[in-house]
Every structure is written in structure tokens, then in C-alpha cells.
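Below are the chains, spelled out letter by letter.
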Amino acid sequence: MTRRLTVREERWPLASAFVISRGAKTEAHVLVVEIAQGQAVGRGEAVPYARYGEHMDKALAQVAQWEDWLEGGLARAELQNLLPPGAARNAVD
């Protein structure tokens, strides 16, 4: 049975604004990764933080770069070596 990878950005509205001295946030920009096999679907998500040099485009590209490996059944231990710590690896894991 083959696996199928889906990766996308979603915007999740917050129940109330998150306000700090440098601004307010009313939604979260979330990286969502799904790996489907047959009727089963595994989902993970993470938020890339600019404070740590992360951006949504970069995280999407990092996951897409390893699409063949992920669909081929990449083991979790191998994932630690392929993707650096951050939102992309967190969403896949």
C-alpha cells in the first residue's frame, strides 16, 4: 500500500487576540502535514517562528524536499538526520 504526503499552510483563528508589546496576533499560521496510507491518515502541525529564523515558505519547502522519502516509509530515526530541528521536522514527526 502506498503512502501519500500532503503539506499545506492553514490559518487558524485565535479565540481572542494574543497581545504583547510589539503587537497583536489574531490567527496562527500553521504548517500541516498529513501522511495517508489506505484509510489511515496521520496528521501533524507546527508553527514556524521568525524569531528562530523560520518562515512558512522555508518549512513547506523542507517537507516537500523529502516527499519521496516520506512516502517511501522513512523511519523516525532517519527523520532526525534529514530535517534540522524546527517546524518542518516537528510537523512531520
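Everything here concerns the structure above.
Predicted model, so just to flag it, every value in this text is computed and none were measured.

About the cut-offs
Residues numbered from 1 in each chain as written. Predicted model: local features only at pLDDT ≥ 70, side-chain atom pairs only at ≥ 80, totals over all residues. Heavy atoms only, no water. Salt bridge = Lys/Arg side-chain N within 4 Å of Asp/Glu carboxyl O. Helix = DSSP H or I, 4+ residues; strand = E, 2+ residues; numbered from the N terminus. Buried < 20%, exposed > 50% of the residue type's maximum accessible area, 1.4 Å probe, protein only. Pairing = 2+ DSSP bridges. Axes fitted to C-alpha atoms, helices over the stretch in contact; angles between N-to-C directions. Contact = heavy atoms within 4.5 Å.

Asks: Please clarify how the pattern of salt bridges should be interpreted in this entry.
Replies: A side chain of one charge can pair with a side chain of the opposite charge when the charged atoms of the two come close. Under the criterion given, the structure shown has six salt bridges. The salt bridge partner of E34 is R8, with a shortest N-O separation of 3.1 Å. Of this pair, E34 sits in strand β2 (residues 23-37) while R8 sits in strand β1 (residues 3-20); the two residues are 26 residues apart in sequence, bridging distant segments of the chain. Where E34 meets R43, a salt bridge forms, and the shortest distance between an N and an O atom there is 2.8 Å. Judged by its relative accessible area of 13%, E34 is buried. Sharing partners across several salt bridges, the network here consists of R8, E10, E34 and R43.

Asks: Sorry, what's going on with the sheet that holds β2 here?
Replies: The strands that make up a sheet are held in pairs by hydrogen bonds between backbone atoms, and each pair lies either parallel or antiparallel. What the three strands build is an open sheet, ordered β1-β2-β3; its pairing is antiparallel. Both edges of this open sheet fall to β1 and β3 (40-46), since each of them pairs with a single strand only. Averaged over all neighbouring strand pairs, the angle between strand axes comes to 25°, with direction disregarded. Strand direction decides the pairing type here: β1 and β2, joined by 14 bridges, are antiparallel. Of the residues in β2, the one forming a bridge with I20 is G23. Across the sheet, helix α1 (residues 56-65) lies against β1 and β2, angled at about 5° from β2, the strand it touches most.

Keep in mind these values describe shape, not function.
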